[in-house]
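# Report on the structure
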Amino acid sequence: SKTVSLPKKLELFSLFLQGVKDMHAKKIVHRDLKNANVLFKEINEKIKIKIIDFGFSCSFEDVIHSKDIKGTLFHLSPEGLKGEVQYPDKLDSWS
């Protein structure tokens, strides 16, 4: 088992947040962000992050007008559970 240093963990988290920021800049909400949907790989000491499983994702506009509750129960935001979404990016921020 390989131990990951704090600086590497911070780098991973920073890359993950950049991926979420890029997704939100395109007005896409994932709606199911969780550990199992984030992959990472180190190649020649360079880390790559991939956010996967966009099965519940949709546009900001679609999620605002939808009453559908999508995502993994323990990762859902309170407004996501109620189907009352005003700020779609907050759904992903919560998880």
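Residues numbered from 1 in each chain as written. Predicted model: local features only at pLDDT ≥ 70, side-chain atom pairs only at ≥ 80, totals over all residues. Heavy atoms only, no water.

## With respect to the pairing of strand E3 (residues 46–51)
Where strand E2 (residues 38–43) and E3 come together, six bridges link them in antiparallel fashion. Looking at E3, one finds that Glu42 is bridged to Ile47. A loop of two residues connects E2 with E3, the two strands running antiparallel in sequence, and Asn44 in this loop sits at a positive phi of about 50°. (Pairing = 2+ DSSP bridges. Helix = DSSP H or I, 4+ residues; strand = E, 2+ residues; numbered from the N terminus.)

## Describing the layout of surface pockets
By volume, the largest pocket is sized at about 260 Å³. Lining the largest pocket are Leu12, Phe13, Phe16, Leu33, Lys34, Asn35, Val38, Phe40, Ile49, Asp92 and Ser95. For the lining of the largest pocket, the element with the highest residue contribution is helix H1 (residues 6–25), accounting for three residues. Residue composition of the lining of the largest pocket, grouped by class: seven nonpolar, two polar and two charged. Empty space within the second largest pocket amounts to approximately 160 Å³. Looking at the second largest pocket, the residues that line it are Lys2, Thr3, Val4, Ser5, Lys8, Leu12, Phe40, Lys41, Glu42 and Ile47. The greatest single-element share of the lining of the second largest pocket, amounting to three residues, is contributed by E2. (1 Å grid on protein atoms, 1.4 Å probe; cavity = no way out; pocket = protein on both sides within 12 Å on 5 of 7 lines; lining within 4 Å. Points joined across faces, edges and corners; volume = space filled by probe spheres on them. Nonpolar A, V, L, I, M, F, W, Y, C, P; charged D, E, K, R; others polar.)

All quantities given are derived from atomic positions and should not be read as evidence of function.
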